Amino acid sequence: SWLDKGVPLMAFPEGKRSMDGRLMDFKGGAFSMAVRSKVPIVPISISNTHAVMPSNALLPVQAGAGKLHVHVHSPIDVEGKSEDELAEL
């Protein structure tokens, strides 16, 4: 797999965008891939995307400069953790 070859993979664990911009429950696919490949998960949060581009918009409704924020969090080691445990973090 790509992960086994060291290629980084970005996934959105909710599976789709919410209608109101709130975080939805995570699906297990991204966690399953990380556990099977024994690679850490690096959580990344992107804040205020709904204000710039609502889920029903084809194009951004306003400029994102100064509004969008990207937060890179500390890596999570998957060793010894189940997919369900990772989804709860």
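Predicted model only: the values in this text are computed from it and were never measured.

Engineer: Before we go on, may I ask you to explain the environment of lysine 5 in this structure?
Structural biologist: Assignment of secondary structure puts lysine 5 in the segment before α1 (29–37). Spatially, the C-alpha atom of lysine 5 lies 9.7 Å from that of serine 37, the residues being 32 residues apart in sequence.

Engineer: Could you clarify how one ought to interpret α1 in this entry?
Structural biologist: Note: α-helices contain 3.6 residues per turn, so residues at a spacing of three or four share the same orientation. Phe31, Ser32, Ala34 and Ser37 are the residues of α1 that are buried. In this fold, the buried residues of α1 make contact with α3 (83–88). Phi turns positive one or two residues past the end of α1, at lysine 38, with a value near 60°.

Engineer: Looking at this model, I keep getting lost on the packing of aromatic side chains. Mind explaining?
Structural biologist: Ring pairs (aromatic) are described by centroid distance and by the angle formed between their planes. Taken as a whole and judged by the stated rule, the model has one aromatic pair. Across from the ring centre of tryptophan 2, 5.5 Å away, lies the NZ or CZ of lysine 5, which sits over that ring.

Engineer: Honestly, the nonpolar core in this entry has me stumped. Any pointers?
Structural biologist: Phe31, Ala34, Ile41, Val78 and Leu86 form the largest nonpolar core, which has five residues in total. Ignoring sequence-local partners within four residues, the contact set of phenylalanine 31 consists of Pro13, Phe26, Ile41, Glu83, Leu86 and Ala87.

Engineer: What is the right way to look at a negative patch on the surface in this model?
Structural biologist: Residues Asp25, Glu83, Asp84, Glu85 and Glu88 make up a contiguous surface patch of negative charge. Mapped onto the secondary structure, glutamate 83 falls in helix α3.

Engineer: Is there a simple way to think about the confidence of the model for the chain in this case?
Structural biologist: For any part of a model where pLDDT is low, the fine detail of the predicted coordinates should not be relied upon. Chain-level statistics for the chain give a pLDDT mean of 85 and a share of 100% at 70 or above. The weakest mean pLDDT in the chain belongs to α3 at 77; the strongest belongs to strand β2 (residues 69–72) at 93.

Engineer: Please clarify how the side chain of serine 18 should be interpreted in this entry.
Structural biologist: Mapped onto the secondary structure, serine 18 falls in the segment before α1. Judged by relative accessible area, serine 18 falls into the buried class, the value being 10%. Within the structure, serine 18 has its side chain in polar contact with the side chain of aspartate 20 (distance 3.4 Å). At 2.9 Å, the side chain of serine 18 and the backbone nitrogen of glycine 21 are in polar contact. The contacts of serine 18, once residues within four sequence positions are left out, are Met24, His50 and Ser55.

Engineer: What exactly am I supposed to notice about a nonpolar patch on the surface here?
Structural biologist: There is a patch of nonpolar side chains on the surface, built from Met10, Phe12, Val42, Ile44, Ile46, Val70 and Val72 and spanning about 720 Å² of accessible area. Put simply, the parts of the chain that give the nonpolar patch at least two residues each are β1 (44–47) and β2. Considering the arrangement of structural elements, one finds valine 70 in strand β2. Overall, the relative accessible area of 58% leaves valine 70 in the exposed class.

About the thresholds
Residues numbered from 1 in each chain as written. Predicted model: local features only at pLDDT ≥ 70, side-chain atom pairs only at ≥ 80, totals over all residues. Heavy atoms only, no water. Helix = DSSP H or I, 4+ residues; strand = E, 2+ residues; numbered from the N terminus. Buried < 20%, exposed > 50% of the residue type's maximum accessible area, 1.4 Å probe, protein only. Contact = heavy atoms within 4.5 Å. Phe/Tyr/Trp six-rings, centres within 6.5 Å; stacked < 30°, edge-to-face > 60°. Lys NZ or Arg CZ within 6 Å of the ring centre and 35° of its normal. Core = buried A, V, L, I, M, F, W, Y, C linked by side-chain atoms within 4.5 Å. Patch = residues over 30% accessible without salt bridge, like charges linked within 9 Å, V, L, I, M, F, W, Y side chains within 5 Å. Areas by Shrake-Rupley, 256 points an atom, 1.4 Å probe, with all protein chains shown as cover. Salt bridge = Lys/Arg side-chain N within 4 Å of Asp/Glu carboxyl O. Lys, Arg positive; Asp, Glu negative; His and termini not counted. Charge placed at Lys NZ, Arg CZ, Asp CG, Glu CD. pLDDT = per-residue confidence, 0-100. Polar contact = N/O pair within 3.5 Å; in protein donor to acceptor, adjacent residues only side chain to side chain.

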